[in-house]
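Architecture and fold: a report
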Amino acid sequence: MIPFFIFFSVLIIQRLLELAIARRNEKWMKERGAIEFGMKHYQFIVLMHSMFFVVFLFEKVTFSRELSSFWPLLAAIFVCAQLIRVWAISSLGRYWNTKIIVLPNVEVVRKGPYRFIKHPNYLVVSIEIMVVPMMFGAYITAGLFTLLNVLMLSIRIPAEEKALQELTEYEGSFESCNRFLPKLLNKYDN
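Description of the structure in this document. (Residues numbered from 1 in each chain as written. Predicted model: local features only at pLDDT ≥ 70, side-chain atom pairs only at ≥ 80, totals over all residues. Heavy atoms only, no water.)

Description of the overall build of the protein
What counts, and what does not: Secondary structure elements follow DSSP: runs of H or I of four or more residues count as helices, runs of E of two or more count as strands, with numbering from the N terminus. Here the globule rule is a power law, 2.2 Å times the number of residues to the power 0.38, and the radius of gyration is based on C-alpha atoms. Exposure categories follow from relative accessible area, calculated using a 1.4 Å probe and restricted to protein chains: below 20% of the type maximum is buried, above 50% is exposed, and the middle band is partly exposed. Whether two residues are in contact is decided by their heavy atoms, any of which lying within 4.5 Å being enough.
Per the secondary structure count, the protein includes 6 helices and 2 strands. What you see in the protein, going N to C, is helices and strands ordered as α-β-α-α-β-α-α-α. In terms of overall size, the protein behaves like a compact globule, its C-alpha atoms giving a radius of gyration of 18 Å where 190 residues would be expected to give roughly 16 Å. By the burial criterion, 43% of the 190 residues in the protein qualify as buried. Considering only residue pairs separated by 6 or more positions, the protein has 84% of its internal contacts joining residues 24 or more positions apart.

Following this line, the structure appears as structure tokens:
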């Protein structure tokens, strides 16, 4: 049980560090005239992510869930997702945030994983919400929060893309990209 609590604590610390980065970036962007969108749904995203940890811990401890026999594979997927997370956050730099905050007329970031897909950070979160609980046998948490995440992203992504389209050249910059999976072949390739 100690390895689980260490892992769980590392996840919590990671989230808190991300929130600190997001707050610093938000302040920097708003000082330069950035506009925030999606404030109504953001509180539900925060609630969902907070409840994810509560329900995950509850299921693991209450039902004495065991480490999955597939944990090495799931751990490898988790580590790859974390590498993409760091890549995405560092690629956006000061523009990365947990909120939808857009600085008008800035050049859209098309480096790092953003060269291949529109929303690498949401892909990472989706992988994590499914893989982390499964690694520790918390299948109820994995299923429930995967469904809730799909619902949240069905609201969040259109709101974010609309905000970016209104204030930047987002549409033209990302017309050749999918939201989550890279295109393997150009539509003009045979």
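Structural notes on helix α3 (residues 71–92)
Applicable threshold: By this rule the span expected of a helix is its residue count minus one, scaled by 1.5 Å.
Over its 22 residues, α3 runs 31 Å from end to end, which matches the ideal 32 Å to within 8%, given 1.5 Å per residue. For α3, the set of buried residues is L74, A75, F78, A81, Q82, R85, A88, I89, S91 and L92. One or two steps after α3, the chain reaches G93, where phi turns positive at roughly 60 degrees.

A look at the side chain of R15
Definition in use: Whenever two N or O atoms come within 3.5 Å, that pair is a polar contact, provided that in protein one can donate a hydrogen and the other can accept it, and provided that, for residues adjacent in sequence, both atoms are side-chain atoms.
With respect to the helices and strands, the residue R15 is situated in helix α1 (residues 2–31). Only 2.2 Å separates the side chain of R15 from the side chain of E128, close enough to count as a polar contact.

Quick word on the nonpolar core
The condition that has to hold: What is meant by a nonpolar core is a set of buried Ala, Val, Leu, Ile, Met, Phe, Trp, Tyr and Cys residues, joined one to another through side-chain atoms within 4.5 Å.
Within the largest apolar cluster, 21 residues are counted, with the highest numbers of intra-cluster contacts made by F7, F56, F78 and M135. Leave out the neighbours within four places in its chain, and F56 touches F4, F8, V132, P133, F136, A138 and T141. The next biggest cluster of nonpolar side chains, apart from the first, holds 16 residues, and it includes L92, V102, Y114 and A163.

What about the environment of A88?
Structurally, A88 is set in helix α3. The sequence separation of A88 and Y114 amounts to 26 residues, and the corresponding C-alpha distance is 7.3 Å. For A88, the contacting residues outside a window of four places in its chain are P113, Y114, P120 and N121.

Observations concerning the packing of aromatic side chains
Rule in force here: Any pair of Phe, Tyr and Trp rings, taking the six-membered ring for Trp, is counted once the centres come within 6.5 Å. Such a pair is stacked with planes under 30 degrees apart, edge-to-face with planes over 60 apart, and tilted for the rest.
Under the defined criterion, the tally for this structure stands at 16 aromatic pairs. Each ring, one from F4 and one from F56, has its centre 5.4 Å from the other, and the planes form 80 degrees; the classification is edge-to-face. Taken together, the residues span a long stretch of sequence, with F4 in helix α1 and F56 in helix α2 (residues 39–62) at a distance of 52 residues. Using a relative accessible area of 2% as the deciding quantity, one classes F4 as buried. When its relative accessible area of 0% is taken as the criterion, F56 is described as buried. Aromatic pair W28 and Y95: ring centres 5.8 Å apart, planes at 75 degrees, arrangement edge-to-face. On the criterion of sequence distance, the pair formed by W28 in helix α1 and Y95 in the loop between α3 and β2 (100–102) is long-range, its members being 67 residues apart. Residue W28 is classed as buried on the basis of its relative accessible area of 19%. Counting every residue linked through ring pairs, the aromatic cluster contains F4, F5, F7, F8, F52, F53, F56, F78, F136 and F145.

Re the pattern of salt bridges
Worth spelling out the cut-off: Salt bridge criterion: a side-chain nitrogen from Lys or Arg within 4 Å of a carboxyl oxygen from Asp or Glu.
Taken as a whole and judged by the stated rule, the model has 12 salt bridges. Here E26 and K30 are joined by a salt bridge, their closest N and O atoms 2.9 Å apart. Of this pair, E26 and K30 both sit in helix α1, 4 residues apart, which is roughly one turn of the helix. We classify K30 as partly exposed; its relative accessible area is 36%. A salt bridge links R156 to E160; the nearest nitrogen and oxygen atoms lie 3.8 Å apart.

Quick look at the packing of α2 against helix α4 (residues 120–135)
Put simply, the rule reads: Helix axes use the C-alpha atoms of the stretch in contact, all axes being lines fitted to C-alpha atoms, and the angles between their N-to-C directions lie in the range 0 to 180 degrees. By the definition adopted for this analysis, an angle is roughly parallel if under 35 degrees, roughly antiparallel if over 145, roughly perpendicular if from 65 to 115, and oblique otherwise. A crossing counts as left-handed when the near helix is turned anticlockwise from the far one by less than a right angle, and as right-handed when that turn is clockwise. Only Asp, Glu, Lys and Arg are considered charged in this grouping, and only Ala, Val, Leu, Ile, Met, Phe, Trp, Tyr, Cys and Pro are considered nonpolar; every other residue, Gly among them, is considered polar.
Put simply, α2 and α4 touch, their axes get as near as 11 Å, and they point 10 degrees apart. Between α2 and α4, the angle is such that the two are roughly parallel. The two elements α2 and α4 cross, and the hand of that crossing is left-handed. Here α2 contributes M48, H49, F52 and F56 to the contact with α4, which in turn contributes V125, I129, V132 and P133. Class assignment of the residues belonging to the contact of α2 with α4 gives a composition of 7 nonpolar, 1 polar and no charged.

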